[in-house]
Amino acid sequence: MGNTLENRPENDLGGEADGQATPEEQAPEKEVPFYYRINLKKDNPPAKPMPKPAVSAKLDSFLGKIIFIYGFLFLMMNSIGVLTLMKMDYSDLVDEPAVFQYALTHSLVALAIFIAIVFFLLMRGSTGSWKHFLLSSVLAAPLFIYNGYYLVIVLNGTQDESFATEHIALVADKFLAAGSNESTPDYSMVVKPWTPDGKYFQVRIHQALYKTLEPNVSEVIVYTRPGWLGFEWVEYYDSPQSETWP
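What you are looking at is a predicted structure, and each value in this text was computed from that prediction instead of being measured. (Residues numbered from 1 in each chain as written. Predicted model: local features only at pLDDT ≥ 70, side-chain atom pairs only at ≥ 80, totals over all residues. Heavy atoms only, no water.)

**Q** What am I meant to see in the overall build of the protein here?
**A** The helix and strand tally for the protein stands at eight helices and five strands. In the protein, the succession of α and β elements from N to C terminus is α-α-α-α-α-α-α-β-β-β-α-β-β. Relative to its full complement of 246 residues, the protein shows a buried share of 27%. Across the protein, contacts joining residues at least 24 apart in sequence account for 64% of those joining residues at least 6 apart. Total accessible area computed for the protein in this model is approximately 17,400 Å², and 61% of it derives from carbon and sulfur atoms. (Helix = DSSP H or I, 4+ residues; strand = E, 2+ residues; numbered from the N terminus. Buried < 20%, exposed > 50% of the residue type's maximum accessible area, 1.4 Å probe, protein only. Contact = heavy atoms within 4.5 Å. Areas by Shrake-Rupley, 256 points an atom, 1.4 Å probe, with all protein chains shown as cover.)

**Q** Explain a nonpolar patch on the surface to me, please; I cannot follow it from the model alone.
**A** A surface patch of nonpolar side chains, amounting to about 400 Å² of accessible area, comprises Phe-119, Met-123, Trp-130 and Leu-134. Note that Leu-134 resides in helix α7 (residues 129–158). Classification of Leu-134 by relative accessible area gives partly exposed; the value is 45%. (Patch = residues over 30% accessible without salt bridge, like charges linked within 9 Å, V, L, I, M, F, W, Y side chains within 5 Å. Salt bridge = Lys/Arg side-chain N within 4 Å of Asp/Glu carboxyl O.)

**Q** Just checking my understanding: could you explain the pattern of salt bridges for this structure?
**A** Any two side chains of opposite charge can pair, so long as their charged atoms come close to each other. Inspection of every chain in the model, using the stated rule, returns three salt bridges. Between Asp-92 and Arg-204 there is a salt bridge, with the nearest N and O atoms lying 3.8 Å from each other. Remark: Arg-204 occurs in strand β3 (residues 201–205) and Asp-92 occurs in the loop between α5 (55–86) and α6 (96–122); sequence separation between them is 112 residues. Overall, Asp-92 belongs to the buried group, its relative accessible area being 13%. Among the residues examined, Arg-204 registers a relative accessible area of 35% and is labelled partly exposed.

**Q** Would you explain unusual backbone geometry in this entry?
**A** Glycine aside, a negative phi is what most residues show, and trans is what most peptide bonds show. Backbone geometry at Asn-216 places phi at a positive 65 degrees, although glycine is not the residue there. Residue Asn-216 is classed as exposed on the basis of its relative accessible area of 55%.

**Q** Is there a simple way to think about the sheet that holds strand β5 (residues 233–238) in this case?
**A** Picture the strands of a sheet paired through backbone hydrogen bonds; they go either parallel or antiparallel. Spatially, β3-β2-β1-β4-β5 is the arrangement adopted by the five strands of the open sheet, whose pairing is antiparallel. At either end of the open sheet lies a strand with only one pairing partner, and these are β3 and β5. When the angles between neighbouring strand axes are averaged without regard to direction, this sheet yields 45 degrees. As defined by bridge partners, strand β1 (residues 165–177) adjoins strand β4 (residues 219–225) across six bridges and the pair is classed as antiparallel. Within β4, the position partnered with Glu-166 by the bridge is Tyr-223. (Pairing = 2+ DSSP bridges. Axes fitted to C-alpha atoms, helices over the stretch in contact; angles between N-to-C directions.)

**Q** So what exactly am I meant to see when it comes to the nonpolar core here?
**A** Val-99, Phe-114, Leu-122 and Tyr-149 are the most contacted members of the largest nonpolar core, which totals 26 residues. Taken together, the elements giving at least two residues each to this core come down to α5, α6 and α7. Of all the elements, α7 adds the most residues to this core, at nine residues. Leave out the neighbours within four places in its chain, and Leu-122 touches Phe-62, Lys-65, Ile-66, Ile-69, Ser-129, His-132 and Phe-133. Judged by nonpolar contacts, the second largest core, of 16 residues, contains Val-191, Phe-201, Val-203 and Leu-213. (Core = buried A, V, L, I, M, F, W, Y, C linked by side-chain atoms within 4.5 Å.)

That is the geometry; function is a separate question.
So this is what it looks like as structure tokens:
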């Protein structure tokens, strides 16, 4: 009896259960097919890194725009002094109001373009940018007008390669204007136009000539050029009574 009980199948199974793994535990793990692995990658993409704060980058970009705008205005401010010196030899214009009107028209167009560029650069979500927009626009208005006027005079004279024309003109008036200081006044004469549709214009002269002129009596020889932009300007003048001028 004892041997029969020990040889029963239940005892064999029990022994295997005690010392060995079950068939389910012994089964090898099935490999995931290749196309399933691809789908799993698509369905579960890797987590994206969190973006870094962009406050510093926006601040650097805004400062760069401010430096560009005000730097450009600073250059325009300095250019006024340079153009003022350059225009001195070409500023005796026969029709100065026409020159100013021409320069003003083009200056306002350039100013409008500048304001549009500044608006595009600053008014894009930056806090407080409207203050810089208004300030730069106010500063730019006189700078564009002055630079435009002086630049037209300089270009009209420096680029003019035509020959001078001689005119005999009557001196309509003469006067003193305030110079850089009281000891150096500016002597000027008003010349009557030599054409029926011409306009009276002013010419700066020397002190010696100023003393010899008598309004509505004295005549002068004026040499003019037509101008590169079409605005006639006085190259120099002479006195019929003397051969020492100008």
